Amino acid sequence: MKTIIISGIFILIGSISTVEAQKYFTREAQVSFFSEAPMEKIEAHNGTGTCVVDFSQQRMEFAVLIKAFQFEKALMQEHFNENYMESHKFPKATFKGQIIEPENIEMKPEAQDVQVKGTMTIHGVEREITAPGKILFTGDKVSVSSTFVVAVKDYEIEIPAVVRENIAKEVEITVEANLEPLK
Amino acid sequence: MKIRNVLIILLVAVVIGGIIGYKQYNKPHRDLMSEKVSAQMTAQELFSAYEEDESQANEQYLDEMVEITGTIERVNIEQEKSTLQLQTEDMMAGIICEFEAGALKNIPAEGEKITVRGICTGKLMDVVLVRCIIMNS
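Residues numbered from 1 in each chain as written. Chains lettered and ligands numbered in written order. Predicted model: local features only at pLDDT ≥ 70, side-chain atom pairs only at ≥ 80, totals over all residues. Heavy atoms only, no water.

Engineer: Explanation requested: the nonpolar core in the structure shown.
Structural biologist: Soluble globular proteins tend to pack their nonpolar side chains together in the buried interior. Within the largest apolar cluster, 46 residues are counted, with the highest numbers of intra-cluster contacts made by F33(A), F55(A), F69(A) and I135(A). Those residues in contact with I135(A) that lie beyond four places of it in its chain are F55(A), I99(A), I105(A), E110(A), A111(A), Q112(A), V114(A), V142(A), S143(A) and V144(A). Core analysis: the next-biggest nonpolar cluster, separate from the first, contains 25 residues, M41(B), I72(B), C97(B) and I114(B) among them. (Core = buried A, V, L, I, M, F, W, Y, C linked by side-chain atoms within 4.5 Å. Buried < 20%, exposed > 50% of the residue type's maximum accessible area, 1.4 Å probe, protein only. Contact = heavy atoms within 4.5 Å.)

Engineer: Where do I start with the pairing of strand β6 (residues 112–122) of chain A in this structure?
Structural biologist: Residue and element names in this part refer to chain A. In terms of strand pairing, strand β5 (residues 92–101) meets β6 through seven bridges, oriented antiparallel. Looking at β6, one finds that E101 is bridged to Q115. As paired strands, β6 and strand β7 (residues 125–138) are joined by 11 bridges and run antiparallel to one another. Across the sheet, residue M120 finds its bridge partner in β7, namely R127. Joining the antiparallel neighbours β6 and β7 is a turn of two residues, in which H123 adopts a positive phi near 60°. (Pairing = 2+ DSSP bridges. Helix = DSSP H or I, 4+ residues; strand = E, 2+ residues; numbered from the N terminus.)

Engineer: How do you make sense of the interface of chain B and chain A when you look at a structure like this?
Structural biologist: The parts lose accessible area when they come together, and the size of an interface is often stated as this lost area. Chain B puts 29 residues into the contact, and the matching count from chain A is 27 residues. Around 2300 Å² of area is buried between chain B and chain A when both sides are counted, 57% of it from carbon and sulfur atoms. Summed over the three residues of chain B that lose the most area to chain A, namely Y25(B), H29(B) and L124(B), the buried surface amounts to 28% of that side. The tally of links between chain B and chain A comes to 13 residue pairs in polar contact (both at pLDDT 80 or more). For the side of chain B that touches chain A, the elements supplying multiple residues, two or more each, are α1 (2–25), α3 (54–61), β2 (65–76), β3 (82–86), β4 (95–99), β5 (113–123) and β6 (127–134) of chain B. (Buried area = accessible area lost by both parts, 1.4 Å probe. Polar contact = N/O pair within 3.5 Å; in protein donor to acceptor, adjacent residues only side chain to side chain.)

Engineer: Explain a nonpolar patch on the surface here, please?
Structural biologist: Together, I3(B), V6(B), L7(B) and L10(B) make up an exposed nonpolar region whose accessible area comes to about 410 Å². Tracing the chain through its elements places L7(B) in helix α1. (Patch = residues over 30% accessible without salt bridge, like charges linked within 9 Å, V, L, I, M, F, W, Y side chains within 5 Å. Areas by Shrake-Rupley, 256 points an atom, 1.4 Å probe, with all protein chains shown as cover. Salt bridge = Lys/Arg side-chain N within 4 Å of Asp/Glu carboxyl O.)

Engineer: Explain the environment of E112(B) here, please?
Structural biologist: Residue and element names in this part refer to chain B. Counting through the fold element by element, E112 comes out in the loop between β4 and β5. Residue class for E112 comes out partly exposed when judged on its relative accessible area of 31%. In this structure the C-alpha to C-alpha distance between E112 and T71, which are 41 residues apart in sequence, comes to 5.6 Å. Not counting residues up to four positions away in its chain, the partners in contact with E112 are G70, T71 and I72.

Engineer: In this structure, what is going on with unusual backbone geometry? I would like to understand it.
Structural biologist: Most peptide bonds take the trans configuration, and most residues that are not glycine carry a negative phi. All names here are of chain A. With omega at -5°, the peptide bond leading from E101 into P102 counts as cis. Of note in this structure, E156 is not a glycine but carries a positive phi near 55°. When you line up the elements, E156 lands in the loop between β8 (141–151) and β9 (170–181).

Engineer: Is there a simple way to explain the pattern of salt bridges in this structure?
Structural biologist: Two side chains bearing opposite charge may form a pair once their charged atoms approach each other closely. Going through the model one piece at a time under the given rule, you end up with 14 salt bridges over all chains. For K81(B), the salt bridge identified is with E100(B), shortest N-O distance 3.7 Å. Pair noted here: K81(B) is in the loop between β2 and β3 and E100(B) is in the loop between β4 and β5, with a separation of 19 residues, a long-range link. Assessed through its relative accessible area of 22%, E100(B) is described here as partly exposed. By sharing partners, the salt bridges in this structure join K67(A), R30(B), E35(B) and D63(B) into a single network.

Below, the structure is given as structure tokens:
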């Protein structure tokens, strides 16, 4: 009888903690982009993205500040902010979406391929996108990653004709985040 | 004779233009140690400014170098970029200070009071400062 009660308590505690650990969060999501044009390779990193994943609804949100992207060359960073992203007008880029595949994600400690669909907002322009990603549960943490390509013109980012050779029309974006349970 | 002079002038102009262009292309990032501070305040004051009116705060502080004093709530050391989070009255949010690789020489402890310079990049959940430097200690 005692053992039944004790194991019952353990099961109860176990189920409570799994219910609690449905939402995960980080404020140090790493977001990078990379583009290679005939003339120039452009690369920038941002280590202060926020990411929230709610596994009970399979929902996921990302946000980054445009001015927090760091380039190797100060001039590129200036042009990126002032001429292309107009970051004084549109300081953030966001993504809000849903894990559509698998339909019911299992919280198991091995890498799982997922498909995420949602709305990306860059430069004040909203677009529906679908991107592949990976999710891995380890202990009480979860890491998510994704690499996908966006076309600059989809977000109404204009590149002047003189520098068109220097800037790629498509940019590869990489996201990596290690999330902790939200308390 | 005249043509030669014109050619020399042209050549000099091209060389000077090239040097200016090259320097411009390789110009350094902002040096926060020599730049003038545009605002000095506490972590709470900067956070409140953003809570009250984000677009107004952006107009005032976005891309500006600010000097912020506050208490460290959390230290996150990474190989590349490390971050410190400064406390505010909000339980869930604060000021995030990001340091470039190697910029955080002495790692401060949680609970320590520090003054940090950084470039304000706006607010997500927290207000984010980048390219930070610790001014005291």
